[in-house]
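# Descriptive analysis of the structure
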Amino acid sequence: MKTKRPDWDSYFMEIAHIVSKRSTCIRRNVGALIVKNKQILATGYNGAPSGLKHCMEVGCLRDQMKIASGERHELCRGLHAEQNAIIQAAYHGVTINGAHLYCTHLPCSICIKMLINSGIKKVFYLEGYPDDLSMKMIDESSMLIEKVAFQKQTKKVSKKSAKDGSEKNIQIKDKKRKGLRKA
């Protein structure tokens with residue numbers, strides 16, 4: 001059975017969601033990828049720097065200090081997904097000027113500053129993030145930003161059982177992009 005192909009934005013956002021599964025953050029799993037001309041240039045997820053213990057092993061400094069989400073970003077042993085994607089591109093000598101970022105969450109103000117200076121032209125995201133300064137900087141810059149809304153769609157399909165040849169109704173869930181809107 002042929003299923004409908006996802007559009008490019010949905011395709012890349014699904015990949016960002018898969019990348020987020022590598023996150024080692026206790027609070028929030030975030031995945032990001034940088035794309036240019038329909039080619040993935042770099043990916044990143046949030047977690048401790050290479051070779052250091054992860055928060056999953058040593059606990060969350062921010063939880064211990066009772067720091068609210070969206071505040072005091074510097075008090076964390078982890079790097080954000082967007083930062084790791086930018087670092088991976090730089091490490092491998094890949095230019096990201098003019099590229100797009102697909103991220104499971106709206107970037108924080110620190111990441112937005114890095115994205116602006118690295119030449120990212122457009123950011124697609126799924127979920128918000130409580131950082132008012134981030135939105136102010138986006139508004140002041142020439143960077144475009146769009147929130148992507150996915151809709152889970154359930155389809156009923158008839159499938160023959162491999163054992164007895166009888167038909168059974170099964171449900172297949174897949175995420176479809178509902179639409180983009182300007183943030």
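Our subject is the structure listed above.
Because the structure is a prediction, the values reported are computed rather than measured.

Secondary structure assignment for the protein yields six helices and six strands. Considering only contacts in the protein between residues 6 or more positions apart, those separated by 24 or more positions represent 55%. Summing over all exposed atoms, the protein offers an accessible surface of approximately 11,300 Å²; the carbon and sulfur share of this is 50%.

A few words now on the nonpolar core. Core analysis: the largest hydrophobic core is formed by 24 residues, its most contacted members being Ile34, Ile96, Leu101, Leu115, Ile120 and Val123. Secondary-structure elements contributing two or more residues to this core are strand S1 (31-36), helix H4 (81-91), strand S3 (100-105), helix H5 (109-118) and strand S4 (122-127). With four residues, H4 is the single largest residue contributor to this core. In this structure, Ile120 is in contact with Ile34, Ile96, Ala99, His100, Leu101, Leu115 and Met143, ignoring residues within four places of it in sequence. Of all hydrophobic cores here, the second largest spans nine residues; its members include Met13, Ala16, Val35 and Tyr102.

Once that is clear, we can look at the packing of aromatic side chains. Both the distance between ring centres and the angle between the ring planes are used here to describe each pair of aromatic rings. For the coordinates displayed, the defined rule picks out five aromatic pairs. Counting every residue linked through ring pairs, the aromatic cluster contains Trp8, Tyr11, Phe12, Tyr102 and Phe124.

Moving on to the environment of Ala89. Summarising the element assignment, Ala89 is placed in helix H4. Given the relative accessible area of 1%, Ala89 is considered buried. Between the alpha carbons of Ala89 and Ile34 there is a distance of 8.6 Å; along the sequence they are 55 residues apart. The residues touching Ala89, leaving out its near neighbours within four places in the chain, are Ala42, Val94 and Ile96.

Another aspect to go through is empty space enclosed by the protein. In the structure shown here, the tally under the stated rule is one cavity of 30 Å³ or more. Put simply, the largest cavity is a space of about 360 Å³. Forming the walls of the largest cavity are 26 residues, and the residues nearest its centre are Cys25, Arg28, Asn46, His80 and Tyr129. Among the secondary structure elements, those contributing two or more residues to the lining of the largest cavity are helix H3 (61-64) and H4. Looking at the lining of the largest cavity residue by residue, the class counts come to 13 nonpolar, eight polar and five charged.

Taken as a whole and judged by the stated rule, the model has three salt bridges. Among the ionic pairs, Arg27 bridges to Asp63, the shortest N-O distance being 2.8 Å. Of this pair, Arg27 sits in the loop between helix H1 (8-20) and S1 while Asp63 sits in helix H3, and the two are 36 residues apart along the sequence. Taking relative accessible area as the criterion, Arg27 reaches 34% and is therefore assigned partly exposed. Looking at Asp63, the relative accessible area reads 40%, which means it is partly exposed.

Structurally, Ile138 is set in helix H6 (residues 132-140). In sequence terms Ile138 and Val123 are 15 residues apart; their C-alpha atoms lie 9.8 Å from each other. Beyond its immediate chain neighbours, meaning those up to four positions away, Ile138 contacts Leu106, Ile112, Met143 and Ile145.

What counts, and at which threshold
- Residues numbered from 1 in each chain as written.
- Predicted model: local features only at pLDDT ≥ 70, side-chain atom pairs only at ≥ 80, totals over all residues.
- Heavy atoms only, no water.
- Helix = DSSP H or I, 4+ residues; strand = E, 2+ residues; numbered from the N terminus.
- Contact = heavy atoms within 4.5 Å.
- Areas by Shrake-Rupley, 256 points an atom, 1.4 Å probe, with all protein chains shown as cover.
- Core = buried A, V, L, I, M, F, W, Y, C linked by side-chain atoms within 4.5 Å.
- Buried < 20%, exposed > 50% of the residue type's maximum accessible area, 1.4 Å probe, protein only.
- Phe/Tyr/Trp six-rings, centres within 6.5 Å; stacked < 30°, edge-to-face > 60°.
- 1 Å grid on protein atoms, 1.4 Å probe; cavity = no way out; pocket = protein on both sides within 12 Å on 5 of 7 lines; lining within 4 Å.
- Points joined across faces, edges and corners; volume = space filled by probe spheres on them.
- Nonpolar A, V, L, I, M, F, W, Y, C, P; charged D, E, K, R; others polar.
- Salt bridge = Lys/Arg side-chain N within 4 Å of Asp/Glu carboxyl O.

By themselves, these observations are geometric and do not establish any function.
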